[in-house]
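Here are the chains, one letter per residue:
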Amino acid sequence: MGKNRKRLIQAAMGEIPCDLTIRNIQYVNVFTGEIYPAQVDVIDGYVARVREAGEEAEQPAAEIVDGEGNYLIPGFVDTHVHVESSMLIPENFSRAVIPWGTTAVCTDPHEIANVLGIDGVKFMLENASRSALRQYVLAPSCVPAVPGLECSGAEFGEEEIGEILDMDHVVGVAELMDYVGVCRGSERMYRIMEKGLEKGAYLQGHGPLLGGRELSAYRAAGAESDHESETAEEIQEKLRRGMHINLRASSLANHMDQLAAGVRRIPYHDFISICTDDVHAGDLLSSGHINRVVRCAIENGLEPVDVIRMATLNGAREYGFKELGAVAPGYAADMQLVRALDGSQPERVWIAGKTVAVKGQYVGEDEGQPIDFPNTVKTSWIAGAEDLALTVDGPEREAAVNVIVPVDGGNIFRRAEVQKLPVRDGRVCLDSREDLAFVCVINRHGRRNKTVAVFQNFGLKKGAVGTTVSHDSHNVVIVYKKEEDGCRLLRELERMGGGLCVVEDGQVTGKVALPAAGLMSAGSCQEAAGEFETYRRAFYRVCRPETPLLSCAIMSLTALPEIVVTDCGLVDGGRQEFIPVFPGRE
């Protein structure tokens, strides 16, 4: 980051005055776990000295802040986050998370990369530079997540990864989601990992339910971390294999009770840090960011200072950030003043020694600038409702269909079940089955690919719901009872340039406009959260209360080891193979 070591030494020796002194604090030492009264001196954005409570400075600082007996802790480091999941562009994401004590994030922009390729990554880097938050980027390794099973807006191989790794503020290769390919010796994944290792980059892992010989193979391949653990046993096994664990509590998944139990089984916690992965704008407003995960870990019985160390020093060390993660001489003055060690909102936040938030309000000097994005929803080739029908060749009056059936209440894990469904005028008809709905995935990146399938117990009562936020290729996903409602929804997504939408009785009743690549709003966190709340109310007028709000967003997630639907067909994620919509016909 660059520092004037001569001035830092002079300030530490008391030979020149500092820019800032924070006095009357309870200092939390993340190296030793101690808490004691102290004063902290800062010059040129770095900590020069930590003085005992009664030790006077040789020269007074230009600014003196009274900590009023509160705790001074380092700024939080998020070790794995998709900014796009907040539905905010990076500069507005920054202004939303800093007031909660986050001062650095390591982002994986594979959502926008799947839409816009390298240009999308460049946008995230450039836009992030407009705000105070330290945003580091990892080169997306899975664009698309599983080639051949889905089509996205770009394809990355080792050349694209190498180009991104040469950009400023890029610190590694992002989560290796194709863990099946890694373990099976995929040439593409091998070349991507080799390119990362050649450039000395960090290789971020992603290994849900991975264990045994597959886990050993994945770690031996170079994957260094995992944020997908759900059980105490996973935590223990992965730590034993030398992986760095990121404790996660996101807007989509929270297994902290099990994760905390796994942490308690392990004597040493140096290889445990904290991440958010996916946090929505509404959650950022109401409960925070990394502080929310910290609070959750403490509530599940982990020791507060230990958790704070995970959220600061451990996260910085995971990436080799030698000047982040602690309030100590020579470290960047990224700090927060908190009333309690419980994950609550800080009283004040500093980045590089400058105040950027006070009592929950962002006070940085940067200002938002307008953005102009091209419309990325290229689906005009869908002419009308007839294109969303599930059609059958031949005169049959019923057809055997592989119906997608959830095996849990979250619509996440699914199996295929063959069911006989009526056929009318060459189309599968669901009129007699209230528990069934159509799902259509439409390529929005310029290819004329689409898949229509049938979903059981999604929870749709009437109308249609749909989105362009569809991990990881972000094609259009629409769930509907009637083809006409699905088509009306598609036309609205095209008009907005992407987003979330609800149609009831042929009318749009709720929507979130996401013109930035069909993934992010151009508005503030408050504006995006307000739109999302309107969408939520409309969603639950047409869906049952138990239906997860963003079920559509993970309908195509090929990284899941279950049945998913992509623009190319029905996919068994565990086997990474297609299965037919009409068994016996394809």
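Predicted model only: the values in this text are computed from it and were never measured.

**Things to note about the packing of aromatic side chains**
Then, number 1: In total, this model carries 11 aromatic pairs according to the counting rule given.
Then, number 2: Their ring planes at 55 degrees and their centres at 5.3 Å tell us that Tyr27 and Tyr36 sit as a pair that is tilted.
Then, number 3: Given the relative accessible area of 22%, Tyr36 is considered partly exposed.
Then, number 4: Ring centres of Tyr319 and Phe321 lie 5.6 Å apart, and the angle between their planes is 15 degrees; on these two criteria the pair is classed as stacked.
Then, number 5: A relative accessible area of 10% means that Tyr319 is categorised as buried.
Then, number 6: Taking the relative accessible area as the measure of exposure, Phe321 reaches 13% and is therefore buried.
Then, number 7: By way of ring pairs, the aromatic residues Tyr136, Tyr202, Tyr319 and Phe321 are connected into one cluster.

**Focus on the sheet that holds strand β10 (residues 202–203)**
Then, number 1: The strand order across the open sheet built from five strands is β6-β7-β8-β9-β10, with neighbouring strands paired in parallel fashion. Both edges of this open sheet fall to β6 (76–81) and β10, since each of them pairs with a single strand only.
Then, number 2: Against the sheet, helix α5 (residues 158–165) engages β8 (134–139) and β9 (170–173), with an angle of about 155 degrees to β9.

**Considerations on the layout of surface pockets**
Then, number 1: Of the pockets and cavities examined, the largest pocket occupies roughly 720 Å³.
Then, number 2: Taken together, 37 residues line the largest pocket, and the ones lying closest to its centre are Leu252, Ala253, Ile412, Ile554 and Leu557.
Then, number 3: Looking at the lining of the largest pocket, its residues break down into 16 nonpolar, 12 polar and nine charged.
Then, number 4: The volume enclosed by the second largest pocket comes to roughly 590 Å³.
Then, number 5: Together, 26 residues line the second largest pocket, and Ser131, Ala132, Leu133, Ile351 and Ala352 are the ones closest to its centre.
Then, number 6: Among the secondary structure elements, those contributing two or more residues to the lining of the second largest pocket are α4 (118–128), β8 and β16 (354–358).

**Overview of the UniProt feature "domain: Amidohydrolase-related" (unreviewed entry) in the protein chain**
Then, number 1: This chain's UniProt record puts "domain: Amidohydrolase-related" (unreviewed entry) on residues 71–356.
Then, number 2: Secondary structure content for residues 71–356 is 39% helix and 17% strand, and the end C-alpha separation is 18 Å.

**Details of helix α1 (residues 5–12)**
An α-helical turn contains 3.6 residues, so a residue and the one three or four places further along point in the same direction.
Then, number 1: A side-chain oxygen of the first residue of α1 lies 3.2 Å from the backbone nitrogen of Lys6; this N-cap is Asn4.
Then, number 2: Following α1 by one or two positions, Gly14 has its phi on the positive side, about 80 degrees.

**Side note on the sheet that holds strand β27 (residues 563–566)**
The strands making up a sheet associate through hydrogen bonds between their backbones, and the pairing can be parallel or antiparallel.
Then, number 1: One open sheet holds the three strands; their spatial order is β27-β28-β29, and the pairing between them is antiparallel. Each edge of the open sheet is held by one strand with a lone partner, namely β27 and β29 (577–579). The mean angle between the axes of side-by-side strands here comes to 45 degrees, regardless of whether they run parallel or antiparallel.
Then, number 2: Both β27 and strand β28 (residues 569–572) contribute to a ladder of four bridges, which runs antiparallel. Note on β28: the bridge partner recorded for Val564 is Val571.

**What to know about the pairing of strand β18 (residues 398–406)**
Then, number 1: Within β18, seven of the nine residues are buried, which leaves the element mostly enclosed by the surrounding structure.
Then, number 2: Inspection of the sheet shows β18 paired to strand β19 (residues 414–424) by nine bridges, in the antiparallel sense. Paired with Val405 across the strands is Arg415, a residue of β19.

**Examining unusual backbone geometry**
Excluding glycine, most residues fall at negative phi; most peptide bonds, likewise, are trans.
Then, number 1: Cis peptide bonds are those with omega within 30 degrees of zero, and the linkage from Val143 to Pro144 qualifies with -5 degrees.
Then, number 2: Within the element layout of this structure, Pro144 appears in the loop between β8 and α5.
Then, number 3: A cis amide bond, omega 5 degrees, links His471 with the succeeding residue Asp472.
Then, number 4: In this model, His169 sits at a positive phi of 70 degrees, which is unusual for a non-glycine residue.
Then, number 5: Here His169 falls in the exposed class, since its relative accessible area comes to 52%.
Then, number 6: Phi at Leu209 is positive, roughly 60 degrees, even though this residue is not glycine.

**Digging into helix α12 (residues 290–299)**
Then, number 1: Counted residue by residue, α12 has eight buried out of 10 residues, so it is predominantly covered.
Then, number 2: Inspection of α12 places Ile290, Asn291, Arg292, Val293, Val294, Cys296, Ala297 and Ile298 among the buried residues, and these make up the whole buried set.
Then, number 3: The positive-phi residue at the C-terminal boundary of α12 is Gly301, with phi of around 100 degrees.

**Description of the state of the cysteines**
Then, number 1: Applying the stated rule across the entire model yields zero disulfides.
Then, number 2: Cys440 takes part in no disulfide bond, and the closest cysteine sulfur, belonging to Cys487, lies 10 Å away.
Then, number 3: You can call Cys440 buried: its relative accessible area is 0%.
Then, number 4: No disulfide involves Cys543; its nearest neighbouring cysteine sulfur is the one of Cys552, lying 7.6 Å away.

**So, the side chain of Glu318**
Then, number 1: Mapped onto the fold, Glu318 is located in helix α13 (residues 304–319).
Then, number 2: Within the local environment of Glu318, its side chain forms a polar contact with the side chain of His244, the two groups lying 3.3 Å apart.
Then, number 3: The residues contacting Glu318, other than those within four sequence positions of it, are Thr79, Tyr202, Ser225, His244, Asn246 and Ser273.

**Section: the pairing of strand β5 (residues 71–74)**
Then, number 1: In this structure, strand β1 (residues 20–28) lies alongside β5, joined through two bridges in parallel fashion. Following the sheet pairing, Gln26 is matched in β5 by Tyr71.
Then, number 2: Summarising the sheet, β5 and strand β14 (residues 335–338) pair through four bridges and their orientation is antiparallel. Paired with Pro74 across the bridge in β14 is Met335.

About the cut-offs
Residues numbered from 1 in each chain as written. Predicted model: local features only at pLDDT ≥ 70, side-chain atom pairs only at ≥ 80, totals over all residues. Heavy atoms only, no water. Phe/Tyr/Trp six-rings, centres within 6.5 Å; stacked < 30°, edge-to-face > 60°. Buried < 20%, exposed > 50% of the residue type's maximum accessible area, 1.4 Å probe, protein only. Pairing = 2+ DSSP bridges. Helix = DSSP H or I, 4+ residues; strand = E, 2+ residues; numbered from the N terminus. Contact = heavy atoms within 4.5 Å. Axes fitted to C-alpha atoms, helices over the stretch in contact; angles between N-to-C directions. 1 Å grid on protein atoms, 1.4 Å probe; cavity = no way out; pocket = protein on both sides within 12 Å on 5 of 7 lines; lining within 4 Å. Points joined across faces, edges and corners; volume = space filled by probe spheres on them. Nonpolar A, V, L, I, M, F, W, Y, C, P; charged D, E, K, R; others polar. UniProt positions renumbered as here; feature names shortened; annotations may be inferred. Polar contact = N/O pair within 3.5 Å; in protein donor to acceptor, adjacent residues only side chain to side chain. Disulfide = S-S within 2.5 Å.

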